[in-house]
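Secondary and tertiary structure notes
What follows is the residue order along each chain.
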Amino acid sequence: MSDVDWPALKAAALAVQERAYVPYSDYRVGAALLTASGEIVAGCNVENATFGATCCAERTAVFSAVAAGHREFRAVAVVTHGAEPGTPCGICRQVLAEFGSDLEVLCFTPEGAEEVYWLSELLPHAFKLK
Ligand code: THU
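Let us look at the structure shown here. (Residues numbered from 1 in each chain as written. Predicted model: local features only at pLDDT ≥ 70, side-chain atom pairs only at ≥ 80, totals over all residues. Heavy atoms only, no water.)

**Focus: the pairing of strand β5 (residues 114-118)**
The condition that has to hold: At least two bridges found by DSSP between two strands is the condition for calling them paired. Helical segments are the DSSP runs of H or I of at least four residues, strand segments are the runs of E of at least two, and each set is numbered from the N terminus.
Taken together, the five bridges between strand β4 (residues 104-108) and β5 define a ladder with antiparallel strand orientation. Across the sheet, E104 pairs through a bridge with W118, a residue of β5. Two successive antiparallel strands, β4 and β5, enclose a turn made up of five residues, where G112 displays a positive phi of approximately 110°.

Written out as structure tokens, the structure is:
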């Protein structure tokens, strides 16, 4: 793994996971993005009564980061719960890939499971508008 400060990124993901708005699934997700400039921007999943309007934690983090002026990212930590960590859904993989697939993705749970991927592994051949 790279020189990313993973403990700081994981702490941010865990903190924001507590803010997840999940009245329908009770499935809390926290995501913390490390920007190229060294800042951490976090996001949680925000569900909606329509279900379809729900926003995943990873996209909340990306959209918040972009709104704050960031477009280059080095890593993202995603926290779920359970024996196996959840990985970003397909839509979130594509949204992350919009800003580059050279991104480390750490998926973990407070129960101790942990996996690290490159986004290029999780979403090979990402769609690009040419
Ligand atoms: N969810 C995420 O936040 N990230 C993902 O990559 C997959 C799913 C959320 C959406 C919904 O609030 C809950 O997990 C169950 O699907």
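**Some details on the pattern of salt bridges**
What counts, and what does not: Salt bridge, as used here: a side-chain nitrogen of Lys or Arg that lies within 4 Å of a carboxyl oxygen of Asp or Glu.
A complete count under the given rule lists two salt bridges for this structure. Between K10 and E114 there is a salt bridge whose closest N-O contact spans 2.6 Å. In this pair, K10 is assigned in helix α1 (residues 6-17) and E114 in strand β5, connecting sequence segments 104 residues apart.

**Considering the packing of aromatic side chains**
Note the threshold: Ring geometry is summarised as follows: Phe, Tyr and Trp rings, the Trp one being its six-membered ring, pair when their centres sit within 6.5 Å, and such pairs are stacked at plane angles under 30 degrees, edge-to-face over 60 and tilted between the two. For each residue, the accessible area found with a 1.4 Å probe, counting protein chains only, is set against the maximum for its type, and the residue is called buried under 20%, exposed over 50%, and partly exposed in between.
Throughout the structure, instances matching the rule amount to two aromatic pairs. Centre to centre, the rings of Y24 and F51 are 5.6 Å apart; their planes meet at 50°, and the pair counts as tilted. A residue pair is termed long-range when its members are at least 10 positions apart, and Y24 in the loop between α1 and β1 (30-35) and F51 in the loop between β2 (40-44) and α2 (57-67) qualify at 27 residues. Here Y24 falls in the partly exposed class, since its relative accessible area comes to 44%. Measuring from ring centre to ring centre gives 5.8 Å for F73 and F99, while their planes differ by 85°; the resulting arrangement is edge-to-face.

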